[in-house]
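# Structural overview
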Amino acid sequence: MSQTDEEVAERLVPVWLEEAARFEPRAAEEARRGWEQGRLSPDAARELADWVTARVTETAFNRDEGPARRGPGRVTVADKAAVHRWLAAQGYDV
């Protein structure tokens, strides 16, 4: 069963926020508040789009070359496209 774009976003945004909090706690907290209120800032939306693009884990890597992440943080090419579509549907220019 494939997930809707919104379901993919709901799965990946918390992973993104968790990772962002390790590097930029203030920005991550602001993004988290926006997410919880149903609206990301334009900067947060661009960061999410960049993050999901950078985290695609199904790109022909082999075990020696790249990520083999499992669980909710696993990002496929289809997931990346879904998040980008979801952001565009929300009115973000990413």
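See the structure printed just above.
The following refers to the structure shown. Because the structure is a prediction, the values reported are computed rather than measured. (Residues numbered from 1 in each chain as written. Predicted model: local features only at pLDDT ≥ 70, side-chain atom pairs only at ≥ 80, totals over all residues. Heavy atoms only, no water.)

Tallying secondary structure elements over the chain gives four helices and zero strands in all. Written out in order from the N terminus, the α and β elements of the chain read α-α-α-α. Looking at the chain as a whole, 32% of its 94 residues are labelled buried. Within the chain, contacts between residues separated by at least 24 positions form 67% of all contacts whose residues are at least 6 apart in sequence. About 6300 Å² of surface is accessible on the chain, with carbon and sulfur atoms providing 48% of the total. (Helix = DSSP H or I, 4+ residues; strand = E, 2+ residues; numbered from the N terminus. Buried < 20%, exposed > 50% of the residue type's maximum accessible area, 1.4 Å probe, protein only. Contact = heavy atoms within 4.5 Å. Areas by Shrake-Rupley, 256 points an atom, 1.4 Å probe, with all protein chains shown as cover.)

Okay, helix H4 (residues 77-89) next. The terminal C-alpha atoms of H4, which comprises 13 residues, lie 18 Å apart, in line with the 18 Å expected from a rise of 1.5 Å per residue. Every buried residue of H4 is listed here: Asp79, Ala82, Val83, Trp86 and Leu87. The buried residues of H4 occupy an angular sector of 135 degrees when the element is viewed end-on, so they sit on one face. Exposed and facing more than 90 degrees away from the buried side of H4 are Ala78 and Ala89. Its buried side turned inward, H4 meets helix H1 (5-23), helix H2 (25-36) and helix H3 (42-54). A positive phi of about 95 degrees marks Gly91, the residue just after H4. (Expected span 1.5 Å × (residues − 1). Arc of directions from axis to C-beta.)

For the rest of this paragraph, the subject is the packing of aromatic side chains. Per the counting criterion, the structure on display carries one aromatic pair. Both rings, one in Trp35 and one in Trp86, keep their centres 5.8 Å apart while their planes meet at 65 degrees; by these two values the pair is edge-to-face. Remark: Trp86 occurs in helix H4 and Trp35 occurs in helix H2; sequence separation between them is 51 residues. Judged by relative accessible area, which is 22%, Trp35 ranks as partly exposed. (Phe/Tyr/Trp six-rings, centres within 6.5 Å; stacked < 30°, edge-to-face > 60°.)

Take the side chain of Asp79 next. For Asp79, the location among the structural elements is in helix H4. Look past the residues within four positions of Asp79 in its chain and what remains in contact with it is Val8, Arg11, Leu12, Val52 and Arg74.

Turning to the nonpolar core, a few remarks are in order. Of all hydrophobic cores here, the largest spans 24 residues; its most connected members are Leu12, Trp16, Leu40, Leu48, Trp51, Val83 and Leu87. Counting residues per element, this core draws most heavily on H1, at eight residues. Here Trp51 is in contact with Leu12, Val15, Trp16, Glu19 and Val75, once residues within four sequence places are set aside. (Core = buried A, V, L, I, M, F, W, Y, C linked by side-chain atoms within 4.5 Å.)

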